[in-house]
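Overview (structure and organization)
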Amino acid sequence: MQLNLALCTLLAEAAEAKATAMNVPMVIALVDGRGELLYFARMAGALPASNEIAVAKAYTAAALRMPTEQAGALVQPGQVLYGIAAGLSRPIITFGGGRPICFKGETIGAMGVSGGTVSQDMTVVDAGLACCEKIEAFYDLIAALVPAGSRWTAAAGPALHRTLGELLPAMDAEQTRALAGGILLA
């Protein structure tokens, strides 16, 4: 499974909605599993330094396969990653605001946000990734209705329509994004 632009957009929209609700302009970056930039958004009023910091947070989370604040404890003198930053050409960020994006236990990318305090950055990145679990749940539901390798068929159509009909009336905006992500992955 690979992170694609459509899913990046869904995750970034969720993060931006949280940042907007907090009234804190943020920069949001998403990278693939190798740390290469896939998506970048800068809210009006975000700090200029946040551009590089958000991308570096996303890279760190993808490259090390862990949240950036966990990396912070491991780069201290005497710890297992001490000196890692000196051996890499790209910056490593060791404070909160970067998280890996996992799907079915595999890291497929990462999100980094910057613009507020470390606590605010962590809250926004967590909001952005909160729908990942829901997307995975919808993916499983859709995959059960449409077997792997097949297309939308007449046989799958009624079951999918019935299932979506039961889900849609009670869904909020975040759930709708998660459903869209599940459909994109299926």
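Since the model is a prediction, treat every value here as computed from it, not as a measurement. (Residues numbered from 1 in each chain as written. Predicted model: local features only at pLDDT ≥ 70, side-chain atom pairs only at ≥ 80, totals over all residues. Heavy atoms only, no water.)

Digging into the environment of Ala56
- As for its position among the elements, Ala56 is in helix H2 (residues 49-64).
- Sequence separation between Ala56 and Val113 is 57 residues, and the spatial gap between their C-alpha atoms is 9.3 Å.
- Those residues within four positions of Ala56 in sequence are excluded, and the remaining contacts are Pro91 and Ile93. (Helix = DSSP H or I, 4+ residues; strand = E, 2+ residues; numbered from the N terminus. Contact = heavy atoms within 4.5 Å.)

Structural notes on H2
- Between the first and last C-alpha of H2 there are 22 Å, a value that for 16 residues agrees with the 22 Å anticipated at 1.5 Å per step.
- For H2, the full list of buried residues reads Ser50, Ala54, Ala56, Lys57, Ala58, Tyr59, Thr60, Ala61, Ala62 and Leu64. (Expected span 1.5 Å × (residues − 1). Buried < 20%, exposed > 50% of the residue type's maximum accessible area, 1.4 Å probe, protein only.)

Points about the sheet that holds strand S2 (residues 37-42)
- A sheet is described by the order of its strands in space; here 4 strands give the open sequence S2-S1-S4-S3, paired in antiparallel fashion. Looking along the sheet, the strands with just one partner apiece sit at the ends: S2 and strand S3 (98-103). Sheet twist, expressed as the average angle between the axes of neighbouring strands with direction ignored, equals 15°.
- In terms of strand pairing, strand S1 (residues 27-32) meets strand S4 (residues 106-114) through 6 bridges, oriented antiparallel. Residue Asp32 lies in a different strand from S4, and its bridge partner there is Gly109.
- Taken strand by strand, H2 contacts S1, S2, S3 and S4, and its axis lies near 155° from that of S4. (Pairing = 2+ DSSP bridges. Axes fitted to C-alpha atoms, helices over the stretch in contact; angles between N-to-C directions.)

Some details on the pairing of S4
- Of all 9 residues that make up S4, 8 are buried, and the element is covered over most of its length.
- Bridge count for S3 against S4 is 6 bridges, and the pairing is antiparallel. Looking across to S4, one finds that Pro100 is bridged to Ala110.
- Remark: 2 residues form the turn of the hairpin made by S3 and S4, two consecutive strands paired antiparallel; Lys104 in that turn has positive phi of roughly 55°.

Concerning the side chain of Ser50
- Relative to the elements of secondary structure, Ser50 occurs in helix H2.
- The buried category is assigned to Ser50, whose relative accessible area is 2%.
- Among the polar contacts listed, one links the side chain of Ser50 to the side chain of Ser114, at a separation of 3.2 Å.
- Residue contacts for Ser50: discarding those within four places in its chain leaves Val27, Ser114 and Gly115. (Polar contact = N/O pair within 3.5 Å; in protein donor to acceptor, adjacent residues only side chain to side chain.)

Here's the deal with the pattern of salt bridges
- Tallying each qualifying case throughout the model produces 4 salt bridges.
- A salt bridge links Arg99 to Glu69, with the shortest nitrogen-to-oxygen separation between them at 2.7 Å. In this pair, Arg99 sits in strand S3 while Glu69 sits in helix H3 (residues 68-74), placing the two residues 30 residues apart along the sequence.
- Judged by its relative accessible area of 28%, Glu69 falls in the partly exposed class.
- A salt bridge links Asp126 to Arg99, with the nearest nitrogen and oxygen atoms 2.8 Å apart. Taken together, the residues span a long stretch of sequence, with Asp126 in helix H4 (residues 118-145) and Arg99 in strand S3 at a distance of 27 residues. (Salt bridge = Lys/Arg side-chain N within 4 Å of Asp/Glu carboxyl O.)

Some words on the nonpolar core
- Membership of the largest hydrophobic core comes to 27 residues, with the highest contact counts inside it found for Leu3, Leu11, Ile28, Leu30, Ile101, Met111 and Leu129.
- Residue assignment for this core shows that the elements contributing at least two residues are helix H1 (5-22), S1, S2, S3, S4 and H4.
- With 9 residues, the next largest nonpolar core counts Val27, Val31, Ala61 and Ala62 among its residues. (Core = buried A, V, L, I, M, F, W, Y, C linked by side-chain atoms within 4.5 Å.)

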